[in-house]
Amino acid sequence: CSWGASPAEVRGRERARLMLLLQLAAILAAARLVGRLAARLGQPQVVGEMAAGILLGPSFLGWIAPGLADRLFPADGLAGLAAASQVGLAIFLFLVGLELDVEAIRRRGSGVAAISFTGIALPFLLGVLLAAPFHARHAPPGVPLLHFALFLGTAMSITAFPVLARILAERRLTADPLGSGALACAAVDDATAWTLLAAVTFLVGAGEGALAPWAAAPLLVAYALVMAGPGRRALRRLEHAYRARGEVTDGLLAGILLVALGSAAVTEALGVHALFGAFLAGAVMPKDPGFVRAVERRVEGVVVVLLLPLFFALSGLRTRVGLLAGAGMGLDGALVLAAAIAGKFGGVTLAARAGGLPAREAAALGILMNARGLMELVVLNIGLELGILSPARFTLMVLMALATTVMTTPLLARLYPPARRRA
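Report on the accompanying structure.

Looking only at helices and strands, the chain features 20 helices and zero strands. For the chain, with 423 residues in total, the buried portion stands at 50%. Within the chain, contacts between residues separated by at least 24 positions form 81% of all contacts whose residues are at least 6 apart in sequence. The distance from the centre of the 36 positive side-chain charges to the centre of the 24 negative ones in the chain is 6 Å.

Right under this line is the structure:
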């Protein structure tokens, strides 16, 4: 009963710690098991981890063993899990920004920009068009059509840069012209989509933050400009420290994480989600390949193995497939999936063909860019937290993200087999 706590409060804290440890163990075991199964089926391990999150939620575990699900993941016992997942997600988005090399993309010329622009504009337009008939059925009460349409368009235009990088690495396509071009296009896509998402979240949250919108907007723009200019130059000292020591020391790693989490706190205070600040911090970090790889080696293991599965589990707990019962919801799901594929795959393929790429390679690039994966889940969870998406709409979009990611590897193997690459 130290620190003035009553015996009941002490027991409550002990139960909360035990519950968190059991949740972590269950999530980690499910993620590794289903991830390995996905790898054996020729899918990226992250696909299995996404599926594991859904299996732990009400759509599967809550259906076959509701008592166990309620005890393991009670509605009022997820605060610790949510906090840990948000920290892990912020650091992961920092790593995504760290891999974004603007100068390397610039050197690839206007072809990447044209493909990326088409791959964003067409699915964004289709998402906005779908918002009108979906608004009455899938938007929570009080959400304006404009907010719903802008968010839906942004969510449809996402490409899963981290998942795409993993698919290309597993298929040894990173150094292939198609693979390197897909990575460049996906990097531009995600940077643009995150900028759009920042604008949408600011618009939705206008008037609810600590600052008035008229004061927060210029401060946000000023902060982004400072980070892209003086901030980028100041952060080069981190690269110099790495070269001087030959490694990322504990002190250097602490400074890097402080920049990432501090930037996340700044954007959160200015009315934009904290994840945008973490991504921005990574984007302005030095891009020396040795420095980037050293930072990733120090951070990536814990984030990818432990903290990201927590986010997948939380997404799965929010996914309720039972809400999609009925022919109307099935039709809505088919429309969402068709629009997602037509917008991203169709837009990228047409732009690549217009740029002179052969038909088969253009289609393979479209398939790669069509993968949504983890980044889509991040965007959807933000929409659910902001109250833009209903639980049913959230579930529809999660299943779309999973479907577009699952289809990537088998279609790519058919369109761009090793024999085609050698030719």
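For the rest of this paragraph, the subject is empty space enclosed by the protein. For the coordinates displayed, the defined rule picks out five cavities of 30 Å³ or more. Roughly 50 Å³ of internal volume is contained in the second largest cavity. Around the second largest cavity, the lining residues are Val 46, Phe 92, Pro 162, Val 163, Arg 166, Leu 308 and Leu 374. If one sorts the elements of the lining of the second largest cavity by residue count, helix α9 (residues 161-170) sits on top with three residues.

A word on the packing of aromatic side chains. Throughout the structure, instances matching the rule amount to two aromatic pairs. Relative to Phe 291, the ring of Tyr 242 lies with its centre 5.9 Å away and its plane at 70°, an arrangement referred to as edge-to-face. Of this pair, Tyr 242 sits in helix α11 (residues 213-245) while Phe 291 sits in helix α14 (residues 289-318); the two residues are 49 residues apart in sequence, bridging distant segments of the chain. Here the two residues Tyr 242 and Phe 291 agree in accessibility, since each one is buried. A ring pair is formed by Phe 311 and Phe 312, whose centres lie 6.1 Å apart and whose planes are at 50°; its orientation type is tilted.

Moving on, we get to helix α18 (residues 391-406). Across its 16 residues, α18 extends 23 Å between first and last C-alpha, which sits within 8% of the 22 Å expected from 1.5 Å per residue. Taken residue by residue, α18 has Ala 392, Arg 393, Phe 394, Thr 395, Leu 396, Met 397, Val 398, Met 400, Ala 401, Leu 402, Thr 404 and Thr 405 as its buried positions.

This paragraph deals with the nonpolar core. Judged by nonpolar contacts, the single largest core of 128 residues is most densely connected at Phe 73, Leu 93, Phe 94, Phe 148, Trp 194, Ile 256 and Val 378. Not counting the four nearest positions on each side in its chain, Val 378 is found in contact with Leu 89, Leu 93, Trp 194, Leu 275 and Phe 311.

Attention now moves to the side chain of Thr 159. You can see Thr 159 is positioned in the loop between α8 (145-156) and α9. A polar contact of 3.1 Å, which involves the side chain of Thr 159, links it to the side chain of Asp 189. For Thr 159, the side chain forms a polar contact with the side chain of Lys 344, separated by 3.1 Å. Dropping the residues within four chain positions of it, Thr 159 is found in contact with Ala 186, Asp 189, Asp 190, Lys 344, Met 369, Ala 371, Arg 372 and Met 375.

We now examine the pattern of salt bridges. Applying the stated rule across the entire model yields six salt bridges. Two residues, Glu 239 and Arg 243, come together in a salt bridge whose shortest N-O distance is 2.7 Å. On the criterion of helical spacing, the pair formed by Glu 239 and Arg 243 is a turn pair, its members being four residues apart in helix α11.

Turning to helix α12 (residues 250-269), a few remarks are in order. The terminal C-alpha atoms of α12, which comprises 20 residues, lie 28 Å apart, in line with the 28 Å expected from a rise of 1.5 Å per residue. Taken together, the buried positions of α12 are Leu 252, Leu 253, Ile 256, Ala 260, Ser 263, Ala 264 and Thr 267. All buried residues of α12 project into a common sector of 115° when viewed along the axis, lining one side. In α12, the exposed positions angled more than 90 degrees off the buried face are occupied by Asp 250, Gly 251 and Leu 258.

Rules and cut-offs
Residues numbered from 1 in each chain as written. Predicted model: local features only at pLDDT ≥ 70, side-chain atom pairs only at ≥ 80, totals over all residues. Heavy atoms only, no water. Helix = DSSP H or I, 4+ residues; strand = E, 2+ residues; numbered from the N terminus. Buried < 20%, exposed > 50% of the residue type's maximum accessible area, 1.4 Å probe, protein only. Contact = heavy atoms within 4.5 Å. Lys, Arg positive; Asp, Glu negative; His and termini not counted. Charge placed at Lys NZ, Arg CZ, Asp CG, Glu CD. 1 Å grid on protein atoms, 1.4 Å probe; cavity = no way out; pocket = protein on both sides within 12 Å on 5 of 7 lines; lining within 4 Å. Points joined across faces, edges and corners; volume = space filled by probe spheres on them. Phe/Tyr/Trp six-rings, centres within 6.5 Å; stacked < 30°, edge-to-face > 60°. Expected span 1.5 Å × (residues − 1). Core = buried A, V, L, I, M, F, W, Y, C linked by side-chain atoms within 4.5 Å. Polar contact = N/O pair within 3.5 Å; in protein donor to acceptor, adjacent residues only side chain to side chain. Salt bridge = Lys/Arg side-chain N within 4 Å of Asp/Glu carboxyl O. Arc of directions from axis to C-beta.

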